[in-house]
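Here are the chains, one letter per residue:
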Amino acid sequence: MKIGIYPGSFDPVTNGHMDIIERASKVVDKLIVSVLMNPRKNTGLFTIDERIDMLKECTIHLSNVEIDSFSGLLVDYAKYKEASIIVRGLRAVMDLELEMQMAQINKNMSPEVETVFLVTQAKYSFLSSSAVKELALFHGDFDDLVPHFVRNKLKDKYK
Ligand code: PNS
């Protein structure tokens, strides 16, 4: 069974993430979407549990997608989950440098795990969780950028 991991901060999950999740779920047998519990970056808007809940709600229609969280090295977590593929989305050239560095570091540590990049649909190439949070903070329109469930959670946060 081919198991893939799609790791990230997901603070919160956007339609760009959803696009990657839906497409990645078609190329692996099981996709584990996993939220990083980052001790260096715990300044998120949503708690890890809130991010997990939103991801669970938004992926309820995808039977081979599992939601989890991890800390420590991604390659150690991949080994623990018996995953052979790390999935990452590429929005634009600006993502490439950091993504290549992460993929190469991970490859160096764990040659048996492949990083696979999916190119985001053009309509989501500008989209990030940070941009969505800023729009929500200043009451801009972000309705088309996140799943409905997430939209309501964001509105609650900034009420
Ligand atoms: O959504 P993000 O914040 O771009 O995701 C970044 C993530 C979670 C993929 C990255 O920070 C990560 O893999 N962290 C785990 C620590 C690790 O394995 N570091 C070595 C690779 S640089």
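What counts as what
Per chain, the residues get numbers from 1 upward, laid out in the order the sequence is written. The predicted origin of the model limits local features to residues at a pLDDT of at least 70 and limits the giving and counting of side-chain atom pairs to 80 or more, whereas totals for whole chains, interfaces and linings rest on all residues. As a convention, hydrogens and water are excluded, and side-chain values are obtained from all of the structure's heavy atoms. Helix numbers and strand numbers start at the N terminus; a helix is a DSSP run of H or I with at least 4 residues, a strand a run of E with at least 2. Atoms counted for the radius of gyration: C-alpha only. Globule rule: 2.2 Å times the number of residues to the power 0.38. Per-residue and other accessible areas follow the Shrake-Rupley method at a 1.4 Å probe size, with only the shown protein chains counted as cover for residues. When a residue's accessible area, from a 1.4 Å probe over protein chains only, is under 20% of the maximum for its type it is buried; when over 50% it is exposed; and in between it is partly exposed. Note on pairing: DSSP must find at least two bridges between two strands before they are called paired. By the criterion used throughout, a crossover qualifies as right-handed when its path from the first strand across the helix to the second strand runs clockwise, the strands pointing away from the viewer. Angular values range over 0 to 180 degrees, each being the angle between N-to-C directions of two axes fitted as lines to C-alpha atoms, with helices fitted over their stretch in contact. Here, two residues are considered to be in contact whenever any of their heavy atoms come within 4.5 Å of each other. Residues adjacent in sequence count toward polar contacts only when both atoms are side-chain atoms; beyond that, a polar contact is any pair of N or O atoms within 3.5 Å, and within protein one must be able to donate a hydrogen and the other to accept it. We call a residue near a molecule or strand as soon as one heavy atom of that residue lies within 4 Å of the molecule or strand. Think of a nonpolar core as a cluster: buried Ala, Val, Leu, Ile, Met, Phe, Trp, Tyr and Cys residues, connected wherever their side-chain atoms sit within 4.5 Å.

Enquirer: Can you help me understand the overall build of the protein in this one?
Expert: Check the secondary structure of the protein and you find six helices and five strands. Taken from N to C terminus, the helices and strands of the protein fall in the order β-α-β-α-β-α-β-α-β-α-α. For 159 residues, the compact-globule estimate of 2.2 N^0.38 gives 15 Å, and the protein sits close to it at 15 Å. By its C-alpha atoms, the protein is 45 × 30 × 30 Å across when sized along the principal axes. Surface exposure of the protein reaches about 9000 Å², of which carbon and sulfur atoms provide 54%.

Enquirer: Looking at this structure, I do not really get the pairing of strand β2 (residues 30–36). What am I missing?
Expert: Where a strand is regular, its side chains alternate between the two sheet faces. With five of its seven residues buried, β2 lies for the most part within the structure. Bridge analysis of strand β1 (residues 3–8) against β2 gives six bridges, and the strand direction is parallel. Counted as the bridge partner of Ile3 is Lys30 from β2. Read as a crossover between parallel neighbours, the route from β1 over helix α1 (residues 15–24) to β2 is right-handed. Of the strand pairs in this sheet, β2 and strand β3 (residues 65–70) are connected by six bridges, and their pairing is parallel. Its bridge partner lying in β3, Val35 is registered against Ser69.

Enquirer: Sorry, what's going on with the sheet that holds strand β5 (residues 114–119) here?
Expert: Strand pairs in the sheet, formed through backbone hydrogen bonds, run parallel or antiparallel to each other. Read from one edge of the open sheet, five strands run β3-β2-β1-β4-β5, paired in parallel fashion. This sheet does not close on itself; its edge strands, each paired only once, are β3 and β5. Taking each pair of neighbouring strands and ignoring which way they run, the sheet shows an average axis angle of 30°. Sheet topology places β1 next to strand β4 (residues 85–90); two bridges connect them, and they run parallel. Paired with Ile5 across the strands is Ile86, a residue of β4. Across the sheet, α1 is in contact with β1, β2, β3, β4 and β5; its angle to β5 comes to roughly 120°.

Enquirer: I tried to follow the environment of Arg91 on my own but got confused; where do I start?
Expert: Mapping Arg91 onto the fold places it in the loop between β4 and α4 (93–109). The sequence separation of Arg91 and Gln121 amounts to 30 residues, and the corresponding C-alpha distance is 7.8 Å. In contact with Arg91, not counting residues within four places along its chain, are Thr120, Tyr124, Ser125, Leu127 and Ser128. There is a polar contact of 3.0 Å between the side chain of Arg91 and the backbone oxygen of Leu127.

Enquirer: Before we go on, may I ask you to explain the site of the ligand in this structure?
Expert: In the neighbourhood of the ligand, 12 residues make up the surrounding shell, with Gly8, Ser9, Leu73, Leu74 and Arg88 lying closest. In the model, an oxygen atom of the ligand is placed 2.6 Å from a nitrogen or oxygen of the Ser9 side chain. Note that an oxygen atom of the ligand is positioned 2.8 Å from one of the backbone N or O atoms of Leu74. Relative to its unbound accessible area of 560 Å², the ligand is 73% covered by the protein chains.

Enquirer: Looking at this model, I keep getting lost on the nonpolar core. Mind explaining?
Expert: Nonpolar side chains tend to gather and get buried jointly when the protein is soluble and globular. Membership of the largest hydrophobic core comes to 31 residues, with the highest contact counts inside it found for Tyr6, Ile21, Leu31, Val33, Leu55, Val87 and Leu154. Only α1, β2, α2 (48–58), β3, β4, α5 (129–137) and α6 (148–157) provide two or more residues apiece to this core. Leave out the neighbours within four places in its chain, and Leu154 touches Pro12, Leu45, Phe46, Val132, Lys133, Ala136, Phe142 and Val146. If you look at the next biggest cluster of nonpolar residues, it comprises 10 residues, including Ile3, Ile5, Phe70 and Ile86.

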